[in-house]
Amino acid sequence: MKILVIQTASIGDVILATPVLEGLHHAYSSAEIDILIKKGMEGLFKGHPFLNQVIVWDKSNKCKDFLRILHRIRKQKYELVVNIQRFISTGMLTVFSGTKASIGFSKNPLSFLFTKRIPHRIGKGIHEVERNMSLIMEIIAASGFSNETGSSGRPRLYPSPADKARVLPFKTGPYVTISPASLWFTKQFPLQKWVELILSFSNEVKVYLLGSRSDTGLCEEIISLAGNRNASNLAGNLSLLESAALMQDALMNYTNDSAPMHLSSAVNAPTTVVYCSTIPEFGFGPLSNKRTIIQSPKQLKCRPCGLHGKKSCPLQHFECATTIRPDQFPALPL
């Protein structure tokens with residue numbers, strides 16, 4: 001059996017789709033499972049044990065590459081396509097894939113042409129993983145397979161021995177990681193607040209700042225203001241799976257409501273997430289066994305100000321972030 005899973009959104013969304021891969025593998029252990037992702041996400045699946053191949057869509061030339069991707073998909077002759085995305089472009093790929101069976105969310109504009117449509121529910125207590133898994137729950141039930149890959153499961157990534165070896169030199173003592181950046185201003189804990197957090201750590205704790213190459217300047221500024229000789233800027237120096245391998249053995253991993261939170265969850269690493277303008281009830285919270293959520297203690301009528309982050313605080317005070325206190329963070333387990 002040949003199966004294609006489609007999720008061409010951002011890093012966090014792709015990571016939260018991995019329980020679908022786990023569920024399909026356990027339901028159809030001999031199936032060839034492929035995934036379609038956008039360019040830049042492929043590093044997440046290097047050496048993934050349950051994937052046959054990773055198909056990469058170059059969205060910088062979206063329309064031109066669409067035809068190449070569609071041709072490749074049709075050539076594979078998939079028996080099942082599971083479309084996690086809700087946009088018309090992936091709906092077209094699903095409809096014209098030539099598959100015998102297709103499953104997707106009813107919010108996809110072309111879902112009326114899928115063989116099965118599933119409601120996309122956003123509500124308190126419904127995690128994105130649960131929403132994604134709803135697409136294949138009938139398949140899992142029919143197979144007789146049932147474990148944590150269901151609605152209560154967490155995402156999974158698989159750093160290789162080489163990924164682990166790459167970060168081993170950084171694991172010479174107790175350490176934490178901080179991923180301070182976000183694509184959205186109102187999701188990003190303020191720079192000075194990260195400095196306050198670093199200053200609260202014991203001198204024996206090493207601090208590794210993580211992020212992409214574009215986050216290098218922010219990380220350098222945080223280290224400079226903290227004056228912490230035990231802090232190192234690793235932004236842009238580690239791959240996604242290498243970052244996950246480093247997170248795995250940290251005393252704690254500190255993140256915003258952003259992709260690094262899901263990266264940490266995917267290796268079941270201890271995670272502390274700071275929520276500024278968004279709230280965990282949207283269904284994108286951490287799923288590690290050891291997890292802490294930090295939010296403003298102040299009841300703000302303006303929070304949340306939207307499902308996603310914004311480029312600036314609509315009311316210009318950003319109290320959802322500035323009112324968070326250092327003493328809200330739990331002590332490190334030294």
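Quick summary incoming for the structure in this document. The shown structure was predicted, so the numbers you read here are calculated from the model rather than taken from an experiment.

Okay, the sheet that holds strand β3 (residues 53-57) next. Strand order in the open sheet formed by six strands is β3-β2-β1-β4-β5-β6, and the pairing between neighbours is parallel. Taken across any chain shown, the strands that pair with only one partner, and hence form the sheet edges, are β3 and β6 (116-118). Taken over all neighbouring pairs, the strand axes of this sheet differ in orientation by 15 degrees on average, direction set aside. Note: strand β1 (residues 2-6) against strand β2 (residues 32-38), five bridges, orientation parallel.

Turning our attention to the environment of Lys-206. Looking at the secondary structure, you find Lys-206 in strand β8 (residues 206-209). Judged by relative accessible area, which is 27%, Lys-206 ranks as partly exposed. For the pair Lys-206 and Gly-144, spaced 62 residues apart in sequence, the C-alpha to C-alpha distance is 46 Å. Excluding residues that lie within four positions of it along the chain, Lys-206 makes contacts with Thr-172, Pro-174, Tyr-175, Val-176 and Asn-230.

Turning next to the packing of aromatic side chains. With the rule as written, the count across this model stands at nine aromatic pairs. Look at Phe-189 and Phe-329: their rings are 6.1 Å apart centre to centre, the planes differ by 45 degrees, and that puts the pair in the tilted class. Remark: Phe-329 occurs in the segment after α12 (319-322) and Phe-189 occurs in the loop between β7 (175-179) and α8 (191-199); sequence separation between them is 140 residues. The exposure classification of Phe-189 matches that of Phe-329, with both residues buried.

Conventions used here
- Residues numbered from 1 in each chain as written.
- Predicted model: local features only at pLDDT ≥ 70, side-chain atom pairs only at ≥ 80, totals over all residues.
- Heavy atoms only, no water.
- Pairing = 2+ DSSP bridges.
- Helix = DSSP H or I, 4+ residues; strand = E, 2+ residues; numbered from the N terminus.
- Axes fitted to C-alpha atoms, helices over the stretch in contact; angles between N-to-C directions.
- Buried < 20%, exposed > 50% of the residue type's maximum accessible area, 1.4 Å probe, protein only.
- Contact = heavy atoms within 4.5 Å.
- Phe/Tyr/Trp six-rings, centres within 6.5 Å; stacked < 30°, edge-to-face > 60°.

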